[in-house]
Amino acid sequence: VEVNRTGRTFLITGGGGYFGFRLACALLKTSSNVVLFDVRPPSQELPEGIIFMRADIRDYTQVEEAVRGVNCVFHIASYGMSGREQLNRKLIEEVNVQGTENILRACVAHRVPRLVYTSTYNVVFGGQEIKDGDESLPYLPLHLHPDHYSRTKSIAEVQVLKANGSPLNSSAGVLQTCALHLPRIISYIENGIFRFVYGEPDSLVEFVHVDNLVSAHMLAAEALTEKRQHRATSQPYFISDGRPVNNFEFFRPLVEGLGYSFPTLRLPISLIYLFAFLTEMVHHIVGRIYNFQPLLTRTEVYKTGEPKLYDLEDVQWFRGRGHGKKSSQSSIKKLILDVVLVVAFAAVVLSCLPVVGQ
Ligand SMILES: NC(=O)c1ccc[n+]([C@@H]2O[C@H](COP(=O)([O-])OP(=O)(O)OC[C@H]3O[C@@H](n4cnc5c(N)ncnc54)[C@H](O)[C@@H]3O)[C@@H](O)[C@H]2O)c1
């Protein structure tokens, strides 16, 4: 990796992903050198000035190579947040926990003075109601996490904050770290699967606009510097747009802006949870032969009982990347999908009925 070492150099692990790439583009505007470290390249064209390094945080040698000469690491790479990834326990542990250990160790060894860790609300949230929560909320005990991703993000965050103050190798300096907790983003509108909503209409969740998230990360990195008296050092921060909203209502402008109709069917959350449970069971049995994408996992159900207002620009951003309702979208495909959904729900309901006549 050839980097112009004269300016500040930022390394973004997971820089090929949705948020990492947005952050990289914003950092580039501040005349910084930006290196993206990821197992896969970004889906968009790489702007001049951003370097992509195809590498894996599970491999310490590659991490060491990447951190040399870097002034600040944004550790964003993670695995297992949604879909079938959530069910690959081994990879989740390796990327989220061992990967983070590798980054921290390499920062210390190669005198990287600052690290901002991108974490998640899940470190404090296990499905319970939280009103006006702030940074004083305790971590959810590890054994109460219903999914591996949340548990490993929590372990990694603790590691990151604990590493704060670690003396840098052969230097008088120390590593300054902080963590940002974020809420969540998009998914199933595209495939026509967003056909129903669930849960109580008055249950609210937080969302964050990606641009606010970019600002939060840049401010956090700045607040770890001596110039800012290392103000953010060892702190976790909740980041959100500060406008709690119903999970599904949050998506309404985007769904309708992309030409889809907003679902009118509301199903009980317990039924959806049961459906997700059964799907996971089926995945557990057949996943090795056919690693299908579950429609919903239990984690997704409890997290979405959890919203930014999309403006026209956002909708156009998605449209510009080929998203949105295609006028030729196959009605047969939709019909098949509906039939599959109905049959699946019928199977769930029937399996719960007591067996009569025996
Ligand atoms: N998207 C959300 O709603 C949300 C919510 C809360 C927290 N977060 C956190 O924000 C961060 C970014 O989220 P995102 O939506 O941009 O996710 P994303 O999946 O688009 O980006 C994650 C990136 O990490 C990379 N990665 C995975 N394993 C890797 C490995 N072994 N080595 C190197 N790179 C690897 C992936 O290839 C991917 O590009 C993650 O840390 C996630 O935990 C996201």
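What counts and what doesn't
Residues numbered from 1 in each chain as written. Predicted model: local features only at pLDDT ≥ 70, side-chain atom pairs only at ≥ 80, totals over all residues. Heavy atoms only, no water. Domains from an automatic or database assignment. Buried area = accessible area lost by both parts, 1.4 Å probe. Salt bridge = Lys/Arg side-chain N within 4 Å of Asp/Glu carboxyl O. Polar contact = N/O pair within 3.5 Å; in protein donor to acceptor, adjacent residues only side chain to side chain. Helix = DSSP H or I, 4+ residues; strand = E, 2+ residues; numbered from the N terminus. Nonpolar A, V, L, I, M, F, W, Y, C, P; charged D, E, K, R; others polar. Pairing = 2+ DSSP bridges. Axes fitted to C-alpha atoms, helices over the stretch in contact; angles between N-to-C directions. Buried < 20%, exposed > 50% of the residue type's maximum accessible area, 1.4 Å probe, protein only. Core = buried A, V, L, I, M, F, W, Y, C linked by side-chain atoms within 4.5 Å.

> Even after reading the chapter, I still don't get the domain arrangement of the protein, so can you show me in this structure?
Bring the parts together and some accessible area is lost; that lost area is often taken as the interface size. In terms of domains, the protein is made up of domain 1 (9-182 + 208-242) and domain 2 (245-326). Inter-centroid distance (C-alpha atoms) of domain 1 to domain 2 is 25 Å. Carbon and sulfur atoms make up 52% of the area that domain 1 and domain 2 hide from each other, which totals about 1500 Å². By the criterion of area lost to domain 2, the three top residues of domain 1 are Arg84, Leu87 and His209, representing 35% of everything that side buries. Between domain 1 and domain 2 we count 0 salt bridges in total. On the surface where domain 1 and domain 2 come into contact, there are 2 residue pairs in polar contact (both at pLDDT 80 or more). Among the elements of the structure, α1 (18-28) and α4 (148-162) are those that each provide at least two residues to the side of domain 1 that touches domain 2. Broken down by class, the residue content of the side of domain 1 that touches domain 2 amounts to 7 nonpolar, 9 polar and 4 charged.

> Where do I start with the sheet that holds strand β4 (residues 72-75) in this structure?
The pairing of strands in a sheet comes from backbone hydrogen bonds and takes either a parallel or an antiparallel form. Spatially, 7 strands are ordered β3-β2-β1-β4-β5-β6-β9 in an open sheet, and the strand pairing comes out parallel. Strands at the two margins of the open sheet, each flanked by one partner only, are β3 (50-54) and β9 (236-238). Looking at each pair of strands side by side, their axes are set apart by 20° on average, direction ignored. In this structure, strand β1 (residues 9-13) lies alongside β4, joined through 4 bridges in parallel fashion. Each residue of the ladder has a partner; that of Thr13, found in β4, is His75.

> I keep staring at the pattern of salt bridges and nothing clicks. Help me out?
Applying the stated criterion across every chain yields a total of 11 salt bridges. A salt bridge links Glu94 to Lys90; the nearest nitrogen and oxygen atoms lie 2.9 Å apart. Taken together, the positions of Glu94 and Lys90, both in helix α3 (residues 89-109) and 4 residues apart, correspond to about one turn of that helix. Owing to a relative accessible area of 59%, Lys90 belongs among the exposed residues under this scheme. One salt bridge in this structure joins Arg298 and Glu280, with 2.9 Å as the shortest N-O distance. Here Glu280 lies in helix α7 (residues 269-286) and Arg298 lies in helix α8 (residues 298-304), a separation of 18 residues in the sequence.

> Mind showing me how you'd approach the nonpolar core here?
Counting residues in each nonpolar core, the largest one holds 30 residues, and the members touching the most others are Leu11, Phe37, Val73 and Leu115. Among the elements of the structure, β2 (33-38), α2 (60-67), α3, β5 (114-120) and α4 are those that each provide at least two residues to this core. With 6 residues, α3 is the largest single contributor of residues to this core. Judged by nonpolar contacts, the second largest core, of 29 residues, contains Phe19, Ile50, Ile76 and Ala220.

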